[in-house]
Amino acid sequence: MTASGTQPRILRAHITAAGCALALCASAAAPAAAEGDPTVTKPTVVLVHGAFADGSSWNGVISRLERSGYTVIAPANPLRGLYNDSTYIASVLDSIKGPVVLVGHSYGGAVISSAAADNPKVKSLVYVSALMPDVGESGMSLAARFPSELGTATRSVPYRESGRSGTDLYLKGDKVHQVFAADLPMREANLLGATQRPAATTAFSEKAKVAAWKHIPSWALVGRQDKTISPDQERFQAKRAGSHTVEIDSSHVSLIAHPAAVADLILQAAGAPSSARPSRAAAGSANGIGAKAALAGFTGASLAAGAGAVLLGRRLRRTRR
């Protein structure tokens, strides 16, 4: 065999080995590339406020999410009762096309836990200093286990409307800053008190019939200085749900006082792959599977490259005989 005849064979062996290795490496890397695909539709972020508040409490968060390219909706939570309110928010979700990240503050957390049930469009739940009741629990039953200062900070006012009557709860004017919004300037806290929307007592007494956080990945923010919902309650709920949790030094209104931290947590939930697990145990299992898959892909590519090298060596030996 002449030297000129040897070169094409060597070249073909190089191409065969490299081609096999590249093909397997590309196959192993494909899932990671897909997760960062810019063509994937961004979810719509739906922000649900809690008691004594309205949609404007999300203003600082909304501006940050919109700058990141997200469509945001902050519907009015009726605050008439858990069953009524969650049904209404579920109807809002029905009007949205594509995936949704559903966020709840305070009592809004209980609402989203019910509204998201059996809705495949909701890819993640975010709880901001929020209630996260399990089936059979209510805001009142959780507060009995984890007392806060809210119990002495409200006043009851009877209300009447077409076909029914009930009792509304308002924050006492002199308690708004101390219990609800301690890290806001007094004038802002007073403004919140003057414009507050009351919640019917049924918002806190009705027991949850479902708990969507059991099946949907969740993120939670704990306010260490929260006096409306006990931080211990927020930690207990988040741990029980297996939520991805952050803690900040904040009063109950972190969405107003610390909008950047709240927006950052929502962006984490919005950008997480759909395979994110709702429990630490499951997440650990999933990470292990992912690591094994990556290792298998790398091993396959290495074997292919090794096979190519062996083939090349054999052909070189034949040319020398």
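Look up a bit, the structure's there.
Just so it is clear, the model here is predicted, and its values are computed rather than measured.

### So, the packing of aromatic side chains
- Scanning all chains against the criterion turns up three aromatic pairs.
- Aromatic side chains Phe146 and Phe236 sit 5.3 Å apart centroid to centroid with 35° between the ring planes, which places their arrangement in the tilted category. In this pair, Phe146 sits in the loop between helix H5 (139-145) and strand S5 (154-161) while Phe236 sits in helix H9 (residues 231-241), placing the two residues 90 residues apart along the sequence.
- Exposure remark for Phe146: the relative accessible area of 17% places this residue in the buried category.
- For Lys42, the ring lying beneath its charged end belongs to Tyr70, and the centroid distance is 4.7 Å.
- Just above the ring of Tyr159 sits the side chain of Arg80; from NZ or CZ to the centre is 4.9 Å.

### Remarks on the sheet that holds S5
- If you trace the three strands from one edge of the open sheet to the other, you get S5-S6-S7, paired in antiparallel fashion. With one partner strand each, in any of the chains shown, S5 and strand S7 (199-200) form the two edges of the open sheet.
- The pairing of S5 with strand S6 (residues 164-171) spans eight bridges and is antiparallel. Looking at the pairing, Arg155 lines up with Tyr170 of S6.

### Things to note about the pairing of strand S8 (residues 218-223)
- Taken across its six residues, S8 has six buried, putting it largely inside the fold.
- Going residue by residue along S8, you find Ser218, Ala220 and Val222 tucked away on one face and Trp219, Leu221 and Gly223 tucked away on the opposite face as well.
- As paired strands, strand S4 (residues 122-128) and S8 are joined by four bridges and run parallel to one another. Residue pairing for S8: Val128 is matched across the bridge by Leu221.
- This β-α-β element, S8 to H9 to strand S9 (residues 244-248), shows right-handed connectivity.

### Some thoughts on the nonpolar core
- The biggest cluster of nonpolar side chains holds 67 residues, and the ones touching the most others in it are Leu102, Tyr107, Leu125 and Ile266.
- The element contributing the most residues to this core is helix H11 (residues 259-271), with six residues.
- What Leu102 contacts, discounting residues up to four positions off in sequence, is Val46, Val48, Leu93, Ile112, Ala116, Val122, Ser124, Leu125 and Val126.

### Some words on the pattern of salt bridges
- As enumerated under the stated definition, the model contains nine salt bridges in all.
- Between Arg80 and Asp168 there is a salt bridge, and its shortest N-O distance comes to 2.8 Å. Residue Arg80 is found in the loop between strand S2 (72-73) and helix H3 (82-94), and its partner Asp168 is found in strand S6; the two are separated by 88 residues along the sequence. For the pair Arg80 and Asp168, one class covers both residues: buried.
- Arg145 is paired through a salt bridge with Glu137; the nearest N and O atoms lie 3.7 Å apart.
- Given the relative accessible area of 48%, Arg145 is considered partly exposed.
- In this structure Glu137 comes out as buried when scored by relative accessible area, which is 14%.
- Several salt bridges share partner residues, and in doing so they unite Arg224, Asp232, Arg235, Glu247 and Asp249 into one network.

### Let's talk about the packing of H3 against helix H4 (residues 108-115)
- One can describe the packing of H3 onto H4 by two numbers: an axis separation of 8 Å at closest approach and a directional angle of 60°. Judged by the angle between their axes, H3 and H4 are oblique. The handedness of the crossing between H3 and H4 is right-handed. Between H3 and H4, the residues in contact are Leu82, Asp85, Ser86, Ile89, Ala90 and Leu93 and Ala110, Val111, Ser114 and Ala115, respectively.
- A breakdown of the residues in the contact of H3 with H4 according to their chemical character gives seven nonpolar, two polar and one charged.

### Thoughts on the environment of Ala194
- Mapped onto the secondary structure, Ala194 falls in helix H7 (residues 186-195).
- Each C-alpha atom, one on Ala194 and one on Phe52, is 10.0 Å from the other, the two residues being 142 residues apart in sequence.

### A word on the side chain of Gln196
- Residue position: Gln196 is located in the loop between H7 and S7.
- Accessibility expressed as a relative area gives 12% for Gln196, which makes it buried.
- Polar contacts involving the side chain of Gln196 include one to the main-chain amide nitrogen of Leu171, which spans 2.8 Å.
- If we skip the residues at most four places from it in the chain, Gln196 touches Phe52, Tyr170 and Leu171.

Definitions and cut-offs
- Starting afresh in each chain, residues are numbered from 1 along the sequence in its written order.
- Per-residue local features are limited, in this predicted model, to residues with pLDDT of at least 70; the limit for side-chain atom pairs, both in listing and counting, is 80 or more; totals at the level of whole chains, interfaces and linings are taken over all residues.
- The side-chain numbers reported here are obtained from all heavy atoms of the structure, hydrogens and water having been left aside.
- Any two of the Phe, Tyr and Trp rings considered here, Trp counted by its six-membered ring, make a pair once their centres fall within 6.5 Å; the pair's planes then place it as stacked at under 30 degrees, edge-to-face at over 60, or tilted in between.
- Helix and strand definitions here come from DSSP, where helices need a minimum of 4 consecutive H or I residues and strands a minimum of 2 consecutive E residues; each element is numbered from the N-terminal end.
- Under the scheme applied here, a residue whose accessible area is under 20% of the maximum for its type counts as buried, over 50% as exposed, and between as partly exposed, the area being computed with a 1.4 Å probe on protein chains only.
- By definition, being over a ring means that NZ of Lys or CZ of Arg is both within 6 Å of the ring centre and within 35 degrees of the ring normal.
- Any two strands between which DSSP finds at least two bridges are classified as paired.
- Think of it like this: strands point away, you trace from the first strand over the helix to the second, and a clockwise trace means the crossover is right-handed.
- Working definition of a nonpolar core: buried Ala, Val, Leu, Ile, Met, Phe, Trp, Tyr and Cys residues. They are joined through side-chain atoms within 4.5 Å.
- Note on contacts: a residue pair qualifies if any of its non-hydrogen atoms lie within 4.5 Å across the two residues.
- The term salt bridge refers to a pairing of a side-chain nitrogen on Lys or Arg with a carboxyl oxygen on Asp or Glu at a separation within 4 Å.
- In this analysis an axis means a line fitted to C-alpha atoms, helices contributing only their contacting stretch, and an angle means the value between N-to-C directions, from 0 to 180 degrees.
- Should an angle fall under 35 degrees it is taken as roughly parallel, and over 145 as roughly antiparallel, whereas 65 to 115 is taken as roughly perpendicular and any remaining angle as oblique.
- Each crossing gets its handedness from the near helix: less than a right angle anticlockwise from the far helix is left-handed, clockwise is right-handed.
- Gly counts as polar in this scheme, as do all residues outside two lists: the nonpolar Ala, Val, Leu, Ile, Met, Phe, Trp, Tyr, Cys and Pro, and the charged Asp, Glu, Lys and Arg.
- Polar contacts, as used here, are pairs of N or O atoms within 3.5 Å; protein pairs need one atom able to donate a hydrogen and one able to accept it. Residues neighboring in sequence count only if both atoms are side-chain atoms.

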